[in-house]
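What follows is the residue order along each chain.
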Amino acid sequence: MELNETLGLINDRVRALRRYHLEPVETSVKLNQNENPFDWPPEIKHEICARLEARPWNRYPDFIPETLLTALGRYLNVPAENICVGNGSNEMLLVLLLALMRPDAPVITCQPTFTVYRLLINGLGGFELPVSLTSALAFDEPALMAALASHPQALLLLCSPNNPTGSALDETAVRRLLAAHRGFCILDQAYVEFGGFNAVELIKEYPNLIVTRTFSKAFAAAGLRIGYMIGNPAVMQTIGTIKLPYNINFMSDLVARTLLDKTDIIKRRVALIIAQREALLAELARLPLDAVYPSAANFICVRTAKKDALFDFLKQKSILVRDVSAYPQLFGCLRISVGAPAENRLLVNAVAEFFGPGN
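Rules behind the numbers
- Residues numbered from 1 in each chain as written.
- Predicted model: local features only at pLDDT ≥ 70, side-chain atom pairs only at ≥ 80, totals over all residues.
- Heavy atoms only, no water.
- Pairing = 2+ DSSP bridges.
- Helix = DSSP H or I, 4+ residues; strand = E, 2+ residues; numbered from the N terminus.
- Contact = heavy atoms within 4.5 Å.
- Axes fitted to C-alpha atoms, helices over the stretch in contact; angles between N-to-C directions.
- Salt bridge = Lys/Arg side-chain N within 4 Å of Asp/Glu carboxyl O.
- Buried < 20%, exposed > 50% of the residue type's maximum accessible area, 1.4 Å probe, protein only.
- Phe/Tyr/Trp six-rings, centres within 6.5 Å; stacked < 30°, edge-to-face > 60°.
- Polar contact = N/O pair within 3.5 Å; in protein donor to acceptor, adjacent residues only side chain to side chain.
- Patch = residues over 30% accessible without salt bridge, like charges linked within 9 Å, V, L, I, M, F, W, Y side chains within 5 Å.
- Areas by Shrake-Rupley, 256 points an atom, 1.4 Å probe, with all protein chains shown as cover.
- Parallel < 35°, antiparallel > 145°, perpendicular 65-115°, else oblique.
- Left-handed = near helix turned anticlockwise from the far one by under 90°.
- Arc of directions from axis to C-beta.

**Describing the sheet that holds strand E12 (residues 322-323)**
Ordered in space as E9-E10-E13-E12, the 4 strands form an open sheet in which the pairing is antiparallel. Of all strands in the sheet, those bounded by a partner on one side alone are strand E9 (291-292) and E12. Against the sheet, helix H12 (residues 307-316) contacts E12 and strand E13 (333-337), and its axis sits at roughly 30° relative to E13.

**As for the environment of Asn77**
With respect to the helices and strands, the residue Asn77 is situated in the loop between helix H4 (66-76) and strand E2 (83-86). The spatial distance from the C-alpha of Asn77 to the C-alpha of Val200 is 8.9 Å, given a sequence separation of 123 residues.

**Remarks on the pattern of salt bridges**
Within the structure shown, the criterion is met by 15 salt bridges. Its salt-bridge partner being Glu47, residue Lys262 comes within 3.4 Å of it at the nearest N-O pair. With a gap of 215 residues between them, Lys262 in the loop between helix H10 (250-260) and helix H11 (263-285) and Glu47 in helix H3 (residues 42-54) connect regions that are remote in the sequence. Classification of Lys262 as buried rests on a relative accessible area of 18%. Between Glu353 and Lys317 there is a salt bridge, with the nearest N and O atoms lying 3.0 Å from each other. Residue Glu353 is found in helix H13 (residues 341-354), and its partner Lys317 is found in the loop between H12 and strand E11 (319-320); the two are separated by 36 residues along the sequence. Judged by its relative accessible area of 44%, Glu353 falls in the partly exposed class. Taking the relative accessible area as the measure of exposure, Lys317 reaches 39% and is therefore partly exposed. Sharing partners across several salt bridges, the network here consists of Glu171, Arg175 and Glu205.

**Concerning the sheet that holds strand E7 (residues 209-214)**
What the 7 strands build is an open sheet, ordered E2-E8-E7-E6-E5-E3-E4; its pairing is mixed. Strands at the two margins of the open sheet, each flanked by one partner only, are E2 and strand E4 (128-132). For this sheet, the mean inter-axis angle between neighbouring strands, taken without regard to orientation, is 20°. Strand direction decides the pairing type here: strand E6 (residues 185-188) and E7, joined by 4 bridges, are parallel. Bridging across to E7, Asp188 finds its partner in Thr212. Helix H7 (residues 141-150) rests against strand E3 (107-111), E4 and strand E5 (155-159) of the sheet, and its axis sits at about 155° to E4.

**Description of the packing of aromatic side chains**
Describing an aromatic ring pair means giving the distance of the ring centres and the angle of the ring planes. Counted by the stated rule, this structure contains 10 aromatic pairs. With a centroid separation of 5.5 Å and an interplanar angle of 85°, the aromatic rings of Phe114 and Tyr117 are classed as edge-to-face. When sorted by exposure, Phe114 lands in the same class as Tyr117, which is buried. Taken together, the ring pairs in this structure connect Tyr75, Phe215, Phe219 and Tyr228 into an aromatic cluster.

**A short note on the side chain of Ser252**
Structurally, the position occupied by Ser252 is in helix H10. Within the structure, Ser252 has its side chain in polar contact with the backbone oxygen of Leu224 (distance 3.1 Å).

**Observations regarding a nonpolar patch on the surface**
Taken together, the side chains of Leu3, Leu7, Ile10 and Val14 define a hydrophobic patch exposed on the protein surface, amounting to about 330 Å² of accessible area. Its place among the elements puts Val14 in helix H2 (residues 12-15).

**Focus on the packing of H3 against H10**
Between H3 and H10, whose axes approach to 10 Å, the crossing angle comes to 140°. Classified by the interaxial angle, the pair formed by H3 and H10 is oblique. Of the two elements, H3 crosses H10, and the hand of that crossing is right-handed. Packed against H3, whose contacting residues are Ile44, Glu47, Ile48, Arg51 and Leu52, the element H10 presents Phe250, Met251, Leu254, Val255, Arg257 and Thr258 at the interface.

**A word on H12**
Because an α-helix packs 3.6 residues into every turn, residues spaced three or four apart end up facing the same way. Residues of H12 that are buried: Lys307, Leu310, Phe311, Phe313 and Leu314. With its buried residues spanning 165° around the axis, H12 presents them on a single face. Immediately downstream of H12, the backbone of Ser318 shows phi near 65°, a positive value.

**Remarks on the environment of Glu171**
Counting through the fold element by element, Glu171 comes out in helix H8 (residues 171-180). It is 7.4 Å that separates the C-alpha atoms of Glu171 and Ala199, two residues lying 28 residues apart in sequence. Each residue touching Glu171, except ones within four places of it in the same chain, is listed here: Phe197 and Leu202.

**Remarks on the pairing of E5**
Taken across its 5 residues, E5 has 5 buried, putting it largely inside the fold. Alternating positions in E5 separate into two faces, Leu155, Leu157 and Cys159 on one and Leu156 and Leu158 on the other, with burial throughout. Sheet topology places E3 next to E5; 2 bridges connect them, and they run parallel. By the bridge assignment, Ile108 is partnered in E5 with Leu156. The pairing of E5 with E6 spans 4 bridges and is parallel. From the neighbouring strand, Leu156 faces E6, where its bridge partner is Cys185.

Next up, the structure:
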């Protein structure tokens, strides 16, 4: 059998997808992946390693990670039965789309937003109805309302704070959307610790709301790959039937539980990142960029007609940011993660140097 014939057996919708990919680049200042700039202290890592060493590795993890669910429940102030955990919030989104996508209805999203949504929707055989953000890159509530009115049982999938723009929906807007909608709403709040309101509080009132969260951002555990979703207990139990068994390995479970005991450290670091974001917004706004957009996340989106030259200049300075200009409405845009104070100073100085005399 020839290779081309073999490849032709793969689903057409999968072969048509463009792989989500980020080229690895060695750099001194890494501001391209919205990572928390602060690693965990060595003493906490040592504590975790000791606990891992004491645990038998030849045994499966807990079928239901009750201890982790209870700890997450304390952190979120909800019962453990409201929560389901997975291998990153992306797995939770995959499970939700498998369970909730209807063949006769679109998935309503905003655009631009996290590109993995479109990859999953299309790969699973669904189709997307994108609703554009406003020219200021804010959520267009009237346009979303119109889409919901035209497709009353469609799945609504929104990211707030939104990646890559940093824009966020407020509680009043989310309440209006939920009150008007007869289908499920997935609200991806991966960045909510940095801004916006906590939609978990609305789950008791709206059984059609499911919130996804992650340990990758505020918890400084991007390498851990733990995400979770929060919803009505009956909804979580039903959707949980399609989740793969043992999807949380015991190492990630143990590390996540340890970090949940260190929320004082997390809160201090989040407060510092928010303060750095606001300072960075103010300093970048004083430079001759075409636009610096408000953000409720741990990153900032900027626009400049000199995007390519600025990206290359920063890269020469060993500062890596994310080129998001291929996204809808983001021509000429770069996304800059908020780094540690020294990293942010290097960034601002480099951008100022780029726009100095002669440029």
